[in-house]
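# Secondary and tertiary structure notes
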Amino acid sequence: MAVTVKSAKEIELMREAGRLLEIVHDEMAKMIRPGISTMDINEYGDKVIRDLGCTPNFLNYAGYPASICVSVNEEVVHGIPRRDHILKEGDIVSLDAGLIYKGYHSDAARTHAVGKIAPEVQKLLDVTKQSFFEGIKYAKAGNHLFDISNAIDDYVTPFGYGIVQDLVGHGIGTSLHEDPQIPNFRQKRKGIILVPGMTLAVEPMINMGTWKVKWLDDDWTVISADHSVSAHYENTILITDGEPEILTLHE
Ligand code: MF3
Ligand code: CO
């Protein structure tokens, strides 16, 4: 599939899809504490999405059975919410959420601390979030796509963390996953030239230990191969003539 360049009207719809998804994340963030289940988060996130007049895009995507991906500790992404998976003090939990607004998709992920966490785990969360910002410094018209990938790698690798390679970011628009794929690790090629109007989901997934991952028997949950903790941070962005616009974050 070709990379799509959105019209001014489509960009307005993508902006609104992004703005609404930020509300969903802000709402879910407020409920994170020891004692809640990963299903509680999914149910609340699903409700907020629908109350905003939107549709969850993950639910039934390739058979995924929930609206919010909830991934705890060594779970990297695509954790399946469970009533009997209770968050406890010291855990980290990655929430990946997406919605459809008037046919346009947004996608964003945050990793939260549950109560007090170890300083080295907080460092992983901070570096993962910052790696997104380091990457999108290069998300400018005229640059090559893999400038983003290389900047993320250059920032993360000195910390000794493992950058997940089996899953990547992606274009987004009238589908959740559009071309191009956006790796978070160093590339030999340059990738496509970025053009204003491209909308991209940039989503570094960083493990404290090895970069290698494996899949649980549910065929969804991705975990680090060495069971080290893993963090995920994602926003949907818009390529402009100048700085990228982050559609799912307005700090
Ligand atoms: N942000 C995730 C991704 O881009 C969303 C997964 S959707 C799922 O892959 F439905 F497959 F879980
Ligand atoms: Co995504």
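You'll find the structure just up there.
Keep in mind the model is a prediction, meaning the values are calculated, not measured.

An order of β8-β7-β9-β14-β15 is seen for the five strands of this open sheet, with the pairing classed as antiparallel. Two strands in the sheet have a free side with no partner beyond their single neighbour: β8 (178–182) and β15 (245–246). In this structure, strand β9 (residues 199–202) lies alongside strand β14 (residues 235–238), joined through four bridges in antiparallel fashion. Counted as the bridge partner of Thr-199 is Leu-238 from β14. Each of β8 and β9 touches helix α4 (residues 145–156); the most contacted strand, β8, lies at about 35° to it.

Protein-derived coordination of the cobalt ion (ligand 2) comes from Asp-107 (OD), His-170 (NE2), Glu-203 (OE) and Glu-234 (OE), at a distance range of 2.0 to 2.2 Å. For the cobalt ion (ligand 2), the six donor atoms are set out with angles of 66 to 169° between them, so the coordination reads as irregular. Read in sequence order, the donor residues coordinating the cobalt ion (ligand 2) give the pattern D-x62-H-x32-E-x30-E. Taken together, the positions of Asp-107 in strand β5 (residues 104–113) and His-170 in strand β7 (residues 169–171) put the pair 63 residues apart, joining distant regions of the chain. Of the two residues examined, Asp-107 and His-170, each falls in the buried class.

Analysis parameters
Residues numbered from 1 in each chain as written. Chains lettered and ligands numbered in written order. Predicted model: local features only at pLDDT ≥ 70, side-chain atom pairs only at ≥ 80, totals over all residues. Heavy atoms only, no water. Pairing = 2+ DSSP bridges. Helix = DSSP H or I, 4+ residues; strand = E, 2+ residues; numbered from the N terminus. Contact = heavy atoms within 4.5 Å. Axes fitted to C-alpha atoms, helices over the stretch in contact; angles between N-to-C directions. Donors = N, O, S within 2.8 Å, 3.2 Å for Na, K, Ca; no water. Tetrahedral: all angles 85-135°; square planar, octahedral: opposite > 155°, others 65-115°. Buried < 20%, exposed > 50% of the residue type's maximum accessible area, 1.4 Å probe, protein only.

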